[in-house]
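Residue strings, one per chain:
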Amino acid sequence: MRLNSLKLEAKNVFTNPSKVCVVSTGKYRGYNSSKDSSRDFDGYTLTCSARKNDSIKIKVPKSLSASVTQISEALEADKQVYINFPEIEFKAYSFISEDGKLLSGVSSEATEFNIISITDSNDDVIDL
């Protein structure tokens, strides 16, 4: 079986796919793009909490810049941000690096997300 034959779903990656905690935001450039540092970025990344105290970066398009900015500002203000993804795609990968090390992981991409809540980190939130 090949890695691209595996079907990964949000329930395999997140503890609660309907309420995913965002840890940080960033920007990315595509791998096939030139290494010109003056070139604009291709989209945003949302680093989210995953199963077993791990994290995963999800690529989202530039068109979601207003929502990503809202999340970034909330995180800078020490708030907790929870989102969900109506549709998200995961791909397992594995390859040998130039120095001979085996690198593997899961990449992910979403075309949209919904902000579920933004709360103060100091607040005790109890889900019923």
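Our subject is the structure listed above.
Worth saying up front: this structure is predicted, and the values here are computed from it rather than measured.

Caption draft 1: The arrangement of the sheet that holds strand 3 (residues 55-61) in detail. The strand order across the open sheet formed by seven strands is 5-6-3-2-1-4-7, and the pairing between neighbours is mixed. Edge positions in the sheet fall to strand 5 (88-96) and strand 7 (114-120), since each has one partner strand and no second. Geometrically, the sheet is characterised by an average inter-axis angle of 35 degrees between neighbouring strands, direction not taken into account. The sheet contacts of helix 2 (residues 65-76) involve strand 1 (20-28), strand 2 (43-49), strand 3, strand 4 (79-84) and strand 7, and relative to strand 1 the element is tilted by about 115 degrees.

Caption draft 2: Looking closely at the pairing of strand 5. Sheet topology places strand 5 next to strand 6 (residues 102-110); nine bridges connect them, and they run antiparallel. What sits directly across from phenylalanine 90, in strand 6, is serine 108. Between strand 5 and strand 6, which pair antiparallel and follow one another directly, the connecting turn spans five residues, one of which, glycine 100, has a positive phi of 90 degrees.

Caption draft 3: Fine view of the nonpolar core. Grouped together as the largest cluster of nonpolar side chains are 24 residues, with contacts concentrated most on Phe14, Ile83 and Phe85. Of all elements in the fold, only strand 1, strand 2, strand 3, helix 2, strand 4 and strand 5 reach the threshold of two or more residues within this core. At four residues, the largest contribution of residues to this core is made by helix 2. Leave out the neighbours within four places in its chain, and phenylalanine 14 touches Val20, Cys48, Ser49, Ala50, Arg51, Ile56, Ile58, Phe85, Ile88 and Phe90.

Caption draft 4: Representation of helix 2. With 12 residues, helix 2 ought to run about 16 Å at 1.5 Å a step, and its terminal C-alpha atoms sit 16 Å apart, in line with that. Taken together, the buried positions of helix 2 are occupied by Val68, Ile71, Ser72, Ala74 and Leu75. The arc that holds every buried residue of helix 2, seen down its axis, measures 165 degrees, which confines them to one face. Along helix 2, the residues that are exposed and aim more than 90 degrees away from the buried face are Ala66, Glu73 and Glu76. Buried positions along helix 2 lie against strand 1, strand 2, strand 3, strand 4 and strand 7.

Caption draft 5: Representation of the pattern of salt bridges. What the rule picks out here adds up to three salt bridges. Aspartate 120 is paired through a salt bridge with lysine 79; the nearest N and O atoms lie 2.7 Å apart. Residue aspartate 120 is found in strand 7, and its partner lysine 79 is found in strand 4; the two are separated by 41 residues along the sequence. On the basis of relative accessible area, aspartate 120 is assigned to the partly exposed category, the value being 34%. Taking relative accessible area as the criterion, lysine 79 reaches 29% and is therefore assigned partly exposed. Close ionic contact of lysine 91 with glutamate 89 constitutes a salt bridge, the shortest N to O distance being 3.4 Å.

Caption draft 6: How the structure looks around the packing of aromatic side chains. Applying the stated criterion to the full structure yields five aromatic pairs. Cluster of aromatic residues (ring-pair linked, three or more members): Phe14, Phe85, Phe90 and Phe113. For lysine 19, the ring lying beneath its charged end belongs to tyrosine 82, and the centroid distance is 4.7 Å. The ring centre of phenylalanine 41 lies 4.7 Å from the NZ or CZ of lysine 62, which sits over that ring.

Conventions used here
Residues numbered from 1 in each chain as written. Predicted model: local features only at pLDDT ≥ 70, side-chain atom pairs only at ≥ 80, totals over all residues. Heavy atoms only, no water. Pairing = 2+ DSSP bridges. Helix = DSSP H or I, 4+ residues; strand = E, 2+ residues; numbered from the N terminus. Axes fitted to C-alpha atoms, helices over the stretch in contact; angles between N-to-C directions. Contact = heavy atoms within 4.5 Å. Core = buried A, V, L, I, M, F, W, Y, C linked by side-chain atoms within 4.5 Å. Buried < 20%, exposed > 50% of the residue type's maximum accessible area, 1.4 Å probe, protein only. Expected span 1.5 Å × (residues − 1). Arc of directions from axis to C-beta. Salt bridge = Lys/Arg side-chain N within 4 Å of Asp/Glu carboxyl O. Phe/Tyr/Trp six-rings, centres within 6.5 Å; stacked < 30°, edge-to-face > 60°. Lys NZ or Arg CZ within 6 Å of the ring centre and 35° of its normal.

What is shown is where atoms sit, not what they do.
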